Amino acid sequence: MKKLLVVIGIFSFFACSKNTSVKMKGSDTEVNLAVNLAEQYTKVNPDFSIAISGGGSGLGITSLLNGQADIANSSRPLSDKEIEQFKKANIEVKTVVFAEDATAFIVHKDLPLEEIDLETLGKILKGDIKNWSEITDIDLPINIYGRQSSSGTHSFVKKKLKIEFTNAAKEMTGNAQILEGVKADKSGIGYVGAGYVAHEINENALIKILKIKEKPDSQAFSPIDKETINNSLYFFQRPLYQFVLAESWEKVKPFIDFEKSTKG
């Protein structure tokens, strides 16, 4: 969480009282990527003004409905209920797919586990498997580090595995908290956006990224292997969305165009 607060602090200088300033809220998975893109875009367009914060996909979408954001970052599509809410409020929203993401499952580096199949992973997350001794050589109760129900990543994992999370799972507010929790817990398992673990190997030396296989005898794939992602071979990969208020489109479009450009 500390990293997220720093990110918001860094970008507070982009926010100003001009009506051309842009407010972006939502997915914690996307916040670092959005900050990096905005930082690069301001080098091209120094007049661009933006305030960026995380909090989860649900919060970003609610902020659009309440008029508190121009762009909602979301790691999931709009739900039928949300679509209906926008219709009732007579709010038009444009949908942009600007990136491809993978969800990484992480454990402590000392856990003797390198890969896991979907059935076993599902049993862990819903609480059917409670101790690592059931699948490894060590006897430790399993601690699950997850996200709140407002998180798009929480919803994504639940839907992909067709499970309900155990009530024993810890609900963390962001990727950074999950990372720190698993680093300090030799019995921990959690899930984060792959971007949080792919680019800072030294900082994440205390965690291990599990390879995922669909069945016990299937090939296992890593979420940080570019070829795997480019060929859509990883089970937990998905598009990342930005929902934009139609009335904000003109001031937002140049930034969206940059995001989707070769440089972006």
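Above this text is the structure in question.
Residues numbered from 1 in each chain as written. Predicted model: local features only at pLDDT ≥ 70, side-chain atom pairs only at ≥ 80, totals over all residues. Heavy atoms only, no water.

Caption draft 1: The arrangement of the environment of G190 in detail. One can find G190 in strand 8 (residues 188-193). The exposure class of G190 is buried, given its relative accessible area of 2%. The spatial distance from the C-alpha of G190 to the C-alpha of L179 is 7.6 Å, given a sequence separation of eleven residues. With residues near it in sequence (within four places) discarded, G190 still touches A104, F105, I106, Y145, I178 and V182. (Helix = DSSP H or I, 4+ residues; strand = E, 2+ residues; numbered from the N terminus. Buried < 20%, exposed > 50% of the residue type's maximum accessible area, 1.4 Å probe, protein only. Contact = heavy atoms within 4.5 Å.)

Caption draft 2: A look at the packing of aromatic side chains. Enumeration over the complete set of coordinates arrives at eleven aromatic pairs. Geometrically, the ring pair formed by F105 and Y191 is tilted, given 6.0 Å between the ring centres and 50° between the ring planes. One end of the pair, F105, is in strand 4 (residues 93-108); the other, Y191, is in strand 8, and 86 residues separate them in sequence. The same class applies to F105 as to Y191, namely buried. Linked through ring pairs, F105, F156, F165, Y191, Y234, F235 and F236 together constitute an aromatic cluster. Lying across the ring of F235, K160 places its NZ or CZ 4.1 Å from the centre. Across from the ring centre of Y145, 5.2 Å away, lies the NZ or CZ of K170, which sits over that ring. (Phe/Tyr/Trp six-rings, centres within 6.5 Å; stacked < 30°, edge-to-face > 60°. Lys NZ or Arg CZ within 6 Å of the ring centre and 35° of its normal.)

Caption draft 3: Layout of helix 7 (residues 175-183). The element helix 7 is extensively covered by neighbouring structure, given that seven of its nine residues are classed as buried. For helix 7, every residue scored as buried is listed here: N175, A176, I178, L179, G181, V182 and K183.

Caption draft 4: The arrangement of the side chain of T136 in detail. Looking at where T136 falls in the secondary structure, it is placed in the loop between helix 5 (118-125) and strand 6 (143-147). At a separation of 3.3 Å, a polar atom in the side chain of T136 contacts the main-chain amide nitrogen of I138. Non-local contacts of T136, meaning those with residues more than four positions away in its chain, are made with P112 and L113. (Polar contact = N/O pair within 3.5 Å; in protein donor to acceptor, adjacent residues only side chain to side chain.)

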